[in-house]
Each structure stands twice: as structure tokens, then as C-alpha cells.
Amino acid sequence: MTWGNVGAGIPHYTGDLGELERATTELARLGRAIDRDGTQVHATFQGIQEYYDAPEAPELLSSTEPVRDMGALVGEAFDRLGSLLAEYTSTTRVLDDRLTVLRERAARLPSTGDFVTVAATGGPSEHDLVAEEVAATVAEYRRAEQYTVDRVRGLLDLRGPAHAEHRAAMGAAHRFLELADQRYLTPAEIAELDAILEAHSGDAAFALYTMDRLGVEGLLDLAARVEIPGERDHHRSPMGPTLTDSTRAGLGDILAVATRVPPHLRDVPPEDPRFITWLASPAGRRWERWTLGVQLRGGRTETAPSPYSFAGDQPTGRYGYHDVLALMEKARQPFGAQFMDSVVGDIVSREQRDSTFRPAGMPPSDRSLLDVALGISAKNPAAAAMILDPERGNTLDYALMRAGVLAAAEGAYGGAPSADRNTGLARAMEAAATGLPSGLDIPEYAPPPNETNARVAQHLVNHTLNETLPKTLTPTVANVAALYIGDINHAMIGAEVPQFEHGLDLDRASSEHLLRVLSKDPAGADVLLNAQLVYVGVTAEYFASDHTGISPEYRTEAFNNAAESGGRVAGIIASEKAEHAFQEISKPDAENMKRFTQHLLTGVSDATIGQIPGFGTASANEMIKINDALWKDHEAQTGKDAATAARSIENITRESIKVAYANTGTTIYESATNDARIDQGATKSRAQSGFDAARRSNEYWNYR
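Residues numbered from 1 in each chain as written. Predicted model: local features only at pLDDT ≥ 70, side-chain atom pairs only at ≥ 80, totals over all residues. Heavy atoms only, no water.

Novice: Any chance you could break down the overall build of the protein chain for me, citing the residues and the numbers?
Specialist: When helices and strands are tallied, the protein chain shows 31 helices and four strands. When the 704 residues of the protein chain are sorted by exposure, 52% land in the buried category. Long-range pairs, those at least 24 residues apart, make up 74% of the contacts in the protein chain with a sequence separation of at least 6. Accessible surface, the protein chain as shown: approximately 32600 Å² in total, 54% of it carbon and sulfur. (Helix = DSSP H or I, 4+ residues; strand = E, 2+ residues; numbered from the N terminus. Buried < 20%, exposed > 50% of the residue type's maximum accessible area, 1.4 Å probe, protein only. Contact = heavy atoms within 4.5 Å. Areas by Shrake-Rupley, 256 points an atom, 1.4 Å probe, with all protein chains shown as cover.)

In C-alpha cells:
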């Protein structure tokens, strides 16, 4: 594993990756052979049980269990070693190809430096950019190499903690499979299954070993046999998970963990050459076998009526996907992106080919199979983004079209369109467009949206602007727009404000139109307005930092420009909210607040301006104060007429946005030489100017 320097001093890998790949394949083959031989020795020895009846028979027959267990242990270790080396080989090849491209770029550069770039932009030269990319690529290789070395050492340390955990998992797997072989399970045995799954279902070795033995059909068959009659009636919490629910969730976790791919392929689409190459490896072939197994079971027509049907009902369309998705929906672990992409793609394909497949709903809410699958994918933002990426296909447009048709059909029969029927689509849209998981706790660090997230968000915004978005999904797009509130602020007057690297492409007219459409929905108006109030603090922190490139004497003016832009955003939202003042004014959803505020307070800090000590304190405090002020008169407003309520909404919002910018701006005023009170007055004036302009703009009257 050596590196040499060629061409412009840029290193390249000098080892033989082809030889390493051949060794990896051989290791995997040997591992399977050792595991198979150990199992065969034990099974063969058990054959004498029928002919040998003596007191010492049980002890004698169990004497080959260590052979079986050690064979499984060594075989699994070889397989894991092969997977580690395959991952290392794939990563190294990608990084070496990247260095080759950089070497070619460097060879085309003039030896004196790219002074044209420096003179024209004041930014780094092409030499500097190439050097930075080379350093980053080599550092990435070093991390991958160290990761592989550490993991291999753990495998070779037979007395280390890694092997202790592995032995415990494999011991539990053998007992688990013994229980799985029983046709009928008692409540005590189900409880034992649940305890094993609680401890080991998230372990990769446990999941792979049990899936190898059970397969997709065996896993689903076991899930069907995990049933305690009358359990729900006697459960202490009618809404809480029962022992049956918990055990099935653990079985779903096995499928989720077993169908994951190596970390370096986590976000790689299935059509990528790197993923296709991995499919030829033993681990890849195993993944493909289980993925195809799910699709084969899912597409099978079930002749038995649904267990949820009432006596006398005619059997309805029921498919294997009902059982597959029911198990997957209970899983606590998120499913891998490529696996979910294959499942959703198969369901969409079947819907388009088979008219009886499309209406086959999942009880109890009768959501479509596609909507359930999309909801499962939302637990993994990478999966949702891969599925809904408009550059990869039309799944998002197809799902939106289906939601629109469903809403129109419900309206035709006099009913109000139900958002519950599109719960999965809404969650998947939000996860794909924001990069935040839906249905799971948000991690402490939320990475900023990537290019794919921004592309999905832009596609949803375009549907909204073109009025092709089903109205039941308006609050979801409002949640998405709340995350990209920086792009909306920037579009208003072109002011410099903190934005993510990847965001929305908007001009002032489209931004204003977007805000007005989304704010027609009370929940959408609430989430956008609170996002703007949080963003005030983010903006103040941004201009108070040394990462903006603006000298201290000009920061107050830059902040005031941002205040005018933010005032305009708040004014647009408030004007739409006032137009619908006769409706009940509801507080913003707590989950949605958590989602976008966390992303604004962490993502903007890390992606736009770097780590700032104490970042988020001012904005978080300001959000709490302003939110309280905004809603303190809520109950009093309920009985007022529409005109009075409308004026109250606009007045409260106008004052809130002015005070927000003025209060958070104190960190910026301190760095300037002017009197802070004068600065605060100027900031309030600019914020009010922007707010009041919302009702005077051409876009407002065009929209009306």
C-alpha cells in the first residue's frame, strides 16, 4: 500500500488493486467453505442420533457444536475481512482516479501561476485550488486506510472486544434460529425472541447470519407466527407497543441492517459503475439476492383475504408487499438508500403495469403501497433523496400526480381532500429536500443540504409556483421553504445574507409568489414566519463574525440591508395571514419548529460561516421572546371581527420583526463607531420599510 509522486508532485497509488481484488474474492470463498464444512460436520454427526441410544448420547452429539460454531466464526471473520478489503479497494480506486484528473489539470497550468484568476476575482489561483483538492484527497485516503487497518486488527484480535461481541452475537443467532424453526411459539418463547432481537438486531454479523439462514420468505414467515392472541386487549397501554409489535420491529431491523451497503457506497445510486462493480462481490451478490427476494414476495398475489376484512366481505386485492411493508414499517433501523430505491421502483413499475395493484391499500388508513414505502424511505434522507431526485427519474412527479388524482376524486364525492392518505409522500418530500430524517430523532449535528436535496427542493418549489402541487402538501413545501429562508431573503433585494452552499434559484417575483401561495395555508404561514424570526438571529451572528469578509465599519449597513429584506419577507407572510384572519390562528407545529430551527442554528453555522463560539444563543433567545409576543393575544383575537384581527396580525408581526433585528443587531453595532441607539433606529426603519413594501409591490397586485 504505497504511494509515489508523478507529474507536478501529485501522488498516485503504486500497489496492485487487481491482485487485492482477487485475494478478496478468494478470502470470501474460503470463508464460505469453512462455514459450510463446520455446519456439515455437525449435521453429519447428528445423523447417528437415530441409531444411538445411550446415557452419554446427548453429550456425545453435542461434542461437534464447537466445530460448527468455530466454523461460523472463522467463516464470518473471513467474509468481513473480504468486505473490508473490497471497500478499501473501491475507495482507493476512486481516489486514485481523482488524483489522475488533478494531475492532468496541474499539467495544463502555467508554471508561473494563474495570475489572471487572482487579478480578476481576488480569489485563490488555480494552482491553489488544485493543491487544496490534492491535499483533501490524500487526507481522505489516509482516513480510509486507517479505518481499514483498525478494523482488520480488530478481526485478528481473537481476544479483543470486537470478537467478544461477535461471539455473543453468533451465540444469540444460533438460539434465535432454534426458536425460529419451531412451528408454534409460546408467549415465553416470543419474549425470548424479543430479548435477543433487542440486544442484537442492530448487529451486522447477527443480521447477515440470520438472513443467510432464513432468507426473505423465512423472515416473513417468522413474523407471521409471532402472535399472542388477545394481547392488545390485556396490554397495559392500548396505544403502546405490545410484545408482538416489539418482536416484529426487531425482525424488521434484521432486514434493514442486512440490506445495507458499505459506507463508501451509502449515497451512490444503483446505476453508478462503482455500485455495479460492488454487486459482483460476495457481499453484493448477497444484497442482490435479498433485494430480489423482497420484490418477488412483494409482487405475489395473495389468494387469502386480508386479515383486516370483516366477515362477509369479498376478498380484496392483496399482495405480498402488504406483509413486506408492514414488517419494514415497524423497523426501528432506517433502510439503505439503494434497497429502498429498488423497492419503490418496483412498486411504481407494478402500479403502472397492473390496474389491480394500484388501489391495493394498507390498513387501517387505506394508504397506497407506494405511500407506505415512501414513508419508510423518509427515515433515511439519502434514500428519500435518491428516490425523488428529478434527475434520476419521474418518481416524484408520478407520486404528486397520484396525490392530485386522489384529492380530485375525494372532492368529486363531496369530501375534503385528506392529507393522511399522503403521509408517506409528505415525509419523503421533506426528508429528500432538507436532508433531515422524518420519523426519527434529528441528530445533534444536522449537515447542510447537499446538491440533491436542493434539487428536490427546487422541483417542489417549481410545482408550487406552477400550481401543480396538491393543496394537502402545501404545509410540507412550507417546511422545506423554511429551511431555505436565506435564499428567499437574498432574492428580495439582493442583499448579502447567510445561505447554504446548495440552495434555491429564485428571483424576487418568484420568491414573493412562493411565500404568498404557501402562506395561504395557516400552518404554512406559521412555520415560515417563525423561520424568518429565527433567521434574524442567524443573520446577526453572521454579520458579527469575521467570516463575512466585510470590514466592521460596513457591517451595520449590510445588516440593515438584510433587515429590509427580512422585513419584506415577514410583510408578505403577514399580509397573506391577514387575508385569512377569519380562520383559526394556530400555533406552529412543535416538530416542524424543531426541524428547521435546528437546521438553521447548526447548518448555517457550519456550512456558511464556520464554527462561531456561542453561535445560536441570540437567535434562540430572540425566537422564544418573539414567538411569545406573536401569540400572546391569540385567545383575545378569537372573538374579533376579521378586519380587526387582520390589523392585529400585521401590527404584531411588524413590531416583532423590527424588534428582532434591532435587538440581535447589538452584537454588530458594538463593532462600529456609531451610537447604538441611532443604529437601532435605522435598523427598525429599514425593517419596517421592507415590511410595508410587501403590500405596495407589483408582485402583490399581480398575485391578487
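Novice: I'd like to hear about the packing of aromatic side chains, residue by residue, with values.
Specialist: Following the criterion strictly, the structure yields six aromatic pairs and no others. Relative to Trp 278, the ring of Phe 275 has its centre 5.4 Å away and its plane inclined at 45°; by these criteria the two rings are tilted. Placement of both Phe 275 and Trp 278 in helix H11 (residues 273–279) is noted, with a separation of three residues, approximately one turn of the helix. The residues Phe 275 and Trp 278 share a single accessibility class, namely buried. For the ring pair Tyr 484 and Phe 500, a centre distance of 6.4 Å and an interplane angle of 80° mean the geometry is edge-to-face. Residue Tyr 484 is located in the loop between helix H20 (474–483) and helix H21 (485–493), and its partner Phe 500 is located in the loop between H21 and helix H22 (508–519); the two are separated by 16 residues in the primary sequence. Since its relative accessible area comes to 1%, Tyr 484 is described here as buried. (Phe/Tyr/Trp six-rings, centres within 6.5 Å; stacked < 30°, edge-to-face > 60°.)

Novice: Any details on the pattern of salt bridges? Residues and values, ideally.
Specialist: As enumerated under the stated definition, the model contains 25 salt bridges in all. Two residues, Arg 22 and Glu 19, come together in a salt bridge whose shortest N-O distance is 3.0 Å. Residue Arg 22 and its partner Glu 19 are located together in helix H1 (residues 17–45), separated by three residues, close to a single helical turn. Among the salt bridges present, the one from Glu 391 reaches Arg 455, with a minimum N-O distance of 3.8 Å. Of this pair, Glu 391 sits in the loop between helix H16 (381–388) and helix H17 (395–412) while Arg 455 sits in helix H19 (residues 451–465), placing them 64 residues apart in sequence. Among the charged side chains, a network of salt bridges with common partners joins Glu 217, Arg 297, Arg 300 and Asp 323. (Salt bridge = Lys/Arg side-chain N within 4 Å of Asp/Glu carboxyl O.)

Novice: Quick one: what's the story with unusual backbone geometry, residue by residue and with numbers?
Specialist: A negative phi angle is the norm for most residues apart from glycine, just as the trans form is the norm for most peptide bonds. The phi torsion at Glu 467 lies on the positive side, around 60°, for a residue other than glycine. Summarising the element assignment, Glu 467 is placed in the loop between H19 and H20.

Novice: An account of the packing of helix H8 (residues 204–225) against helix H12 (residues 282–298) is needed here, citing residue identities and associated values.
Specialist: One way to put it is that H8 packs onto H12 with a least axis distance of 10 Å and a crossing angle of 15°. By the criterion of interaxial angle, the relationship of H8 to H12 is roughly parallel. The two elements H8 and H12 cross, and the hand of that crossing is left-handed. Along its contact with H8, which presents Leu 208, Met 211, Asp 212, Val 216, Glu 217 and Leu 220, the element H12 presents Arg 286, Arg 289, Trp 290, Gly 293, Val 294 and Arg 297. Here the residues of the contact of H8 with H12 sort into six nonpolar, one polar and five charged. (Axes fitted to C-alpha atoms, helices over the stretch in contact; angles between N-to-C directions. Parallel < 35°, antiparallel > 145°, perpendicular 65-115°, else oblique. Left-handed = near helix turned anticlockwise from the far one by under 90°. Nonpolar A, V, L, I, M, F, W, Y, C, P; charged D, E, K, R; others polar.)

Novice: Would you mind going over the side chain of Thr 247 in detail, with residue names and values included?
Specialist: Position of Thr 247 among the secondary structure elements: in helix H10 (residues 243–258). With sequence-adjacent residues up to four places away left out, Thr 247 is seen in contact with Ile 190, Leu 193, Asp 194, Leu 197 and Val 226.

Novice: Before we move on, could you go through the nonpolar core and cite the residues and values that matter?
Specialist: Membership of the largest hydrophobic core comes to 131 residues, with the highest contact counts inside it found for Phe 176, Leu 251, Leu 325 and Met 429. Counting seven residues, the second-largest nonpolar core is a separate cluster that includes Leu 99, Leu 102, Ala 106 and Val 130. (Core = buried A, V, L, I, M, F, W, Y, C linked by side-chain atoms within 4.5 Å.)

Novice: Provide a residue-level description of the packing of helix H18 (residues 423–434) against H20, including the pertinent values.
Specialist: With their axes 9 Å apart at the nearest point, H18 and H20 run at an angle of 15° to one another. Here H18 lies roughly parallel to H20, going by the angle between them. Here H18 runs over H20; the crossing is right-handed. Facing Ala 426, Met 429, Glu 430, Ala 433 and Thr 434 of H18, the residues of H20 in contact are Thr 476, Val 477, Asn 479, Val 480 and Leu 483. Here the contact of H18 with H20 is built from residues that sort into six nonpolar, three polar and one charged.

Novice: Describe in detail H1, supporting the description with residues and values.
Specialist: Spanning 29 residues, H1 covers 42 Å between terminal C-alpha atoms, matching the ideal 42 Å at 1.5 Å per step. If you check which residues of H1 are buried, you get Leu 17, Leu 20, Thr 24, Leu 27, Ala 28, Gly 31, Ala 33, Asp 35, Gly 38 and His 42. (Expected span 1.5 Å × (residues − 1).)

Novice: Tell me about the environment of Arg 421, and please be specific about residues and values.
Specialist: Topologically, Arg 421 is positioned in the loop between H17 and H18. Expressed as a C-alpha distance, the spacing of Arg 421 and Ser 368, which sit 53 residues apart in the sequence, is 7.5 Å.

Novice: Residues and numbers for the environment of Met 492, please.
Specialist: Mapped onto the elements of the fold, Met 492 is located in helix H21. Residue classification places Met 492 among the buried positions, given a relative accessible area of 2%. Separated by 17 residues in sequence, Met 492 and Ala 509 have C-alpha atoms that sit 8.2 Å apart. Each residue touching Met 492, except ones within four places of it in the same chain, is listed here: Arg 508, Ser 511, Glu 512, Leu 515, Ser 565, Arg 568, Val 569 and Ile 572.

Novice: Give me the confidence of the model for the protein chain: which residues, what numbers.
Specialist: In the predicted model, the protein chain carries a mean pLDDT of 74, and 68% of its residues have values of at least 70. Per-element confidence in the protein chain ranges from a low mean pLDDT of 41 for helix H4 (residues 115–121) to a high of 96 for H16. Considering only residues more than four positions removed or in separate chains, one finds that residues 304–316, a stretch of pLDDT under 50, has six contacts. Within the model, the stretch residues 601–643 combines pLDDT values under 50 with 87 contacts to residues more than four positions away or in other chains. (pLDDT = per-residue confidence, 0-100.)

Novice: Outline the environment of Lys 577, supporting the account with residue identities and numerical values.
Specialist: Mapped onto the elements, Lys 577 comes out in helix H24 (residues 552–579). Spatially, the C-alpha atoms of Lys 577 and Ala 525 are 6.5 Å apart, while their sequence positions differ by 52 residues.

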